[in-house]
Amino acid sequence: MGGVHQLPAGGPAVVAHAAGDLRIEDVPLGTPAPEEAVVEVAYGGICGSDLHYWLHGAAGESILKAPLVLGHEIVGTVLQGAADGTGPAAGTPVAVHPATPGPGAARYPADRPNLSPGCTYLGSAARFPHTDGAFSRYVNLPARMLRALPAGLSLRTAALIEPASVAWHAVARAGDVSGKTALVIGSGPIGALAVAVLKRAGARRIVAVDMHAKPLDIAAAVGADDVLAASDAAAIAAVEADVVIESSGNHHGLASAIQGAARGGTVVMVGLLPAGPQPVLISLAITRELELKGSFRFNDEIDDVITALADGTLLIDPVITHEYPLEDALEAFEMARNSAESGKVLLSFGATG
Ligand SMILES: [Zn+2]
């Protein structure tokens, strides 16, 4: 490959205009900056934040002030490499790290750029102007965001790399989990992926919790030893887990997480609770000397996930339950919000090889 391609002028994209107003419309591609590659998108996974922009016109404190191209869980193939010579060449299948660390010298640990103030993320209205996402047939992306996929890893499975990296980061926040009992509260895509990561990391027993049967089936398929209904408080408390991953994102789930933790245990909170004060069962956390740890996005874990998928040690395919063509994006979003029926829902953008 090489030489100058005739680039497309643009293509269809999934754009959130306001609450309840999701459109498929053509967006121009624009001229790539010297450090940008042009990527032809194959698949995009629909994330909770995408659903929030569609349903509420906001995700937490990030409020839509202008139309936003959604999507940060995408994979595709490089159509044209960056002109400055960095990053993968044309023809390379790639996953995408959606974060751009913020500038400045504010205080945060140097090895945790996910915590840098002003960090931007694809498909996010956290800043203004918003950072457009990549639910579009073609997108210009900084070459530093791109990760070449190893041979033999399908683009479809690779569409889970971004959320799996979130789950990997959450499990890593708990420290060494090998030989330990783990409890996962909320078995949606992030929870199920956390189960798979815990399994790979050698947890002795993994118990998954959800309100619905289908997510529990998925959790069992990726490595949960036992599953429990969210309503079964006594059984959850009896788990006495060394490590709990809270991925439900609501305070009832966080209460279950604290009740299910063993004395001296660790609770990692990766499910994002709503902004503002939340009721928390904090007295037990104090008297049991629990460690409550936040977990937000990820850093280089994306490379660990890709390696583990390539060598077959991380098994996550059952997390994908549905796939829709871009034209049916609205139907796909409806299915994705139905957590009783779906795991990860993918959009396919036509370049799926
Ligand atoms: Zn996501």
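The following refers to the structure shown. The shown structure was predicted, so the numbers you read here are calculated from the model rather than taken from an experiment. (Residues numbered from 1 in each chain as written. Predicted model: local features only at pLDDT ≥ 70, side-chain atom pairs only at ≥ 80, totals over all residues. Heavy atoms only, no water.)

Its place among the elements puts D217 in helix α5 (residues 213-221). For D217, a relative accessible area of 55% corresponds to the exposed category. Spatially, the C-alpha atom of D217 lies 22 Å from that of L347, the residues being 130 residues apart in sequence. (Helix = DSSP H or I, 4+ residues; strand = E, 2+ residues; numbered from the N terminus. Buried < 20%, exposed > 50% of the residue type's maximum accessible area, 1.4 Å probe, protein only.)

This brings us to the sheet that holds strand β16 (residues 241-246). Taking strand neighbours across the sheet as the criterion, the six strands line up as β15-β14-β13-β16-β17-β18 in an open arrangement whose pairing is parallel. The outermost strands of the open sheet, each flanked by one partner alone, are β15 (226-229) and β18 (291-294). Strand-to-strand twist in this sheet, taken as the mean axis angle between neighbours without regard to direction, amounts to 20 degrees. Relative to β16, strand β13 (residues 181-185) runs parallel, the two sharing four bridges. By the bridge assignment for β16, L183 is matched with V244. (Pairing = 2+ DSSP bridges. Axes fitted to C-alpha atoms, helices over the stretch in contact; angles between N-to-C directions.)

The next subject is the coordination of the zinc ion. Ligation of the zinc ion by protein atoms is provided by C47 (SG), H72 (NE2) and E73 (OE), these donors lying 2.1 to 2.5 Å from the ion. Binding-site remark: the zinc ion is held by donors from one chain whose sequence spacing is C-x24-H-E. As far as burial versus exposure is concerned, H72 and E73 are alike and both buried. (Donors = N, O, S within 2.8 Å, 3.2 Å for Na, K, Ca; no water.)

This next bit is on the pattern of salt bridges. Scanning the entire structure with this criterion turns up eight salt bridges. Where R137 meets E327, a salt bridge forms, and the shortest distance between an N and an O atom there is 4.0 Å. With R137 in the loop between β10 (120-121) and β11 (138-142) and E327 in the loop between β19 (320-325) and α10 (329-337), this pair connects stretches of sequence that are 190 residues apart. For R137, a relative accessible area of 24% gives the class partly exposed. Of the charged contacts in the structure, one is a salt bridge between R147 and D303, with a shortest N-O distance of 3.1 Å. (Salt bridge = Lys/Arg side-chain N within 4 Å of Asp/Glu carboxyl O.)

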